[in-house]
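Okay, here's what each chain looks like letter by letter:
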Amino acid sequence: MIEVVKHIDDSIHLISMKNEQLEIVVSNYGCTIVKVFMADRHGHVDDVVLGYDDFNQYQTLDAYLGALVGRVANRIKKGEFTLNGQTYHLAVNNGPNHLHGGIKGFSYQVFDYEIKDEKTVQFHYLSKDGEEGYPGNLDLTVTYTLDGDCLKVHYHATTSADTLINITNHSYFNLSGHKENINHHTLQIHASKHACVDADGLTTGEFRDVTGTPFDFRQPALIGERVDQDDDQLKIGKGFDHPFVFDTQENQVILTHQDSGRQLIVSTTLPQAQIYTANYLDGRVGKYGEHYYARDAICIETQNMPDAIHLEEHPSTILKKGETYDEITSYQFKVIKS
Ligand code: BGC
């Protein structure tokens, strides 16, 4: 069942998507995933994503809790790129670089929406030519479908002129229901290489084989046993804040919290995910009056290569006029009974 449960104001609403397994509360503000209620193996229900009680915090703070991020997720070097011979200037809003679509990226925009049926809500946003410095009118439709224990997110976009696009969702997952941090969560990522970043979090173009490093999650490993290891890339990122390049086409990331029996399986058509262990959360107050610190959650930001426009020969983030951006990421929230 899908119903509007709250009007934050005239244009911003909270929408509940509910079935026997899950209740997911989303907003048309930034397509934000506000709450995900799921049972543990004993039937006890908790909210497994971070967020805010006061909606104003989504509009004013910078951690992108639960938000859709775009037009281009992650960093663009020096907030500048050249496309078809023309140079575009973007906001420099993260050290020397552009981050997450700029000052007022998609995370901070109000989407139109329509409840399509009892499982599906569809959001729509037209990003105008020149918005945040990007060329082309970008017409974006995002469809959230709740089916059993799975939330499917479908992104579809076209543009009136060649542009860049790299959309992700920035949910902060904590399967304990934020009873503890994520150190006792087990992570599995089907990725045999990761991208390196510099001190500003910008991808450098270097990739490393994960073999023999704390980045090797091909077999499940506890996050807490890895995240503070002596590794130059972990030090530079203050934890994991790196793109992992997938080896498989589905079920690429599996996050498990043994004590509760809760498991999240992320499956995507995209080639990578930025894995971010909430390194910059600094004690801000979130939902239920709880304070959020580094390692309190993990973001699994499925996307194309950050800064692809500068690093790839044929940048995966270019969307040409006449082409379609069409990607799906699904989040399966499973309960392991034994
Ligand atoms: C980035 C982090 C950043 C966080 C919140 C992540 O996607 O990689 O470096 O701090 O988003 O903005």
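The preceding data block contains the structure.
Residues numbered from 1 in each chain as written. Predicted model: local features only at pLDDT ≥ 70, side-chain atom pairs only at ≥ 80, totals over all residues. Heavy atoms only, no water.

### What about the packing of aromatic side chains?
Okay, step 1: Applying the stated criterion across every chain yields a total of 19 aromatic pairs.
Okay, step 2: Between Phe 81 and Tyr 88 the ring centres are 5.2 Å apart and the planes differ by 25°, which places this aromatic pair in the stacked class. Both residues of the pair, Phe 81 and Tyr 88, count as buried.
Okay, step 3: Ring plane angle 65° and centroid distance 5.4 Å describe the contact between Phe 217 and Phe 240, whose orientation is recorded as edge-to-face. In this pair, Phe 217 sits in the loop between strand E20 (203–209) and strand E21 (221–222) while Phe 240 sits in the loop between helix H2 (232–237) and strand E22 (241–246), placing the two residues 23 residues apart along the sequence.
Okay, step 4: Pairwise contacts between aromatic rings join Tyr 29, Tyr 52, Phe 55 and Tyr 58 into one cluster.
Okay, step 5: Above the ring of Phe 207, the side-chain terminus of Lys 193 is found at 4.8 Å from the ring centroid.
Okay, step 6: Of note, Arg 226 hangs over the ring of Phe 217, and the distance from its end group to the ring centre comes to 4.9 Å. (Phe/Tyr/Trp six-rings, centres within 6.5 Å; stacked < 30°, edge-to-face > 60°. Buried < 20%, exposed > 50% of the residue type's maximum accessible area, 1.4 Å probe, protein only. Helix = DSSP H or I, 4+ residues; strand = E, 2+ residues; numbered from the N terminus. Lys NZ or Arg CZ within 6 Å of the ring centre and 35° of its normal.)

### Thoughts on the sheet that holds strand E18 (residues 185–189)
Okay, step 1: Pairing is antiparallel in the open sheet, where 9 strands are placed in the order E11-E12-E13-E14-E30-E24-E23-E18-E21. Sheet topology places strand E11 (112–115) and E21 at the edges, where each strand pairs with a single neighbour.
Okay, step 2: Of the pairings in the sheet, the one linking E18 to strand E23 (residues 253–257) comprises 5 bridges and is antiparallel in character. The residue of E23 that forms the bridge with Thr 186 is Thr 256. (Pairing = 2+ DSSP bridges.)

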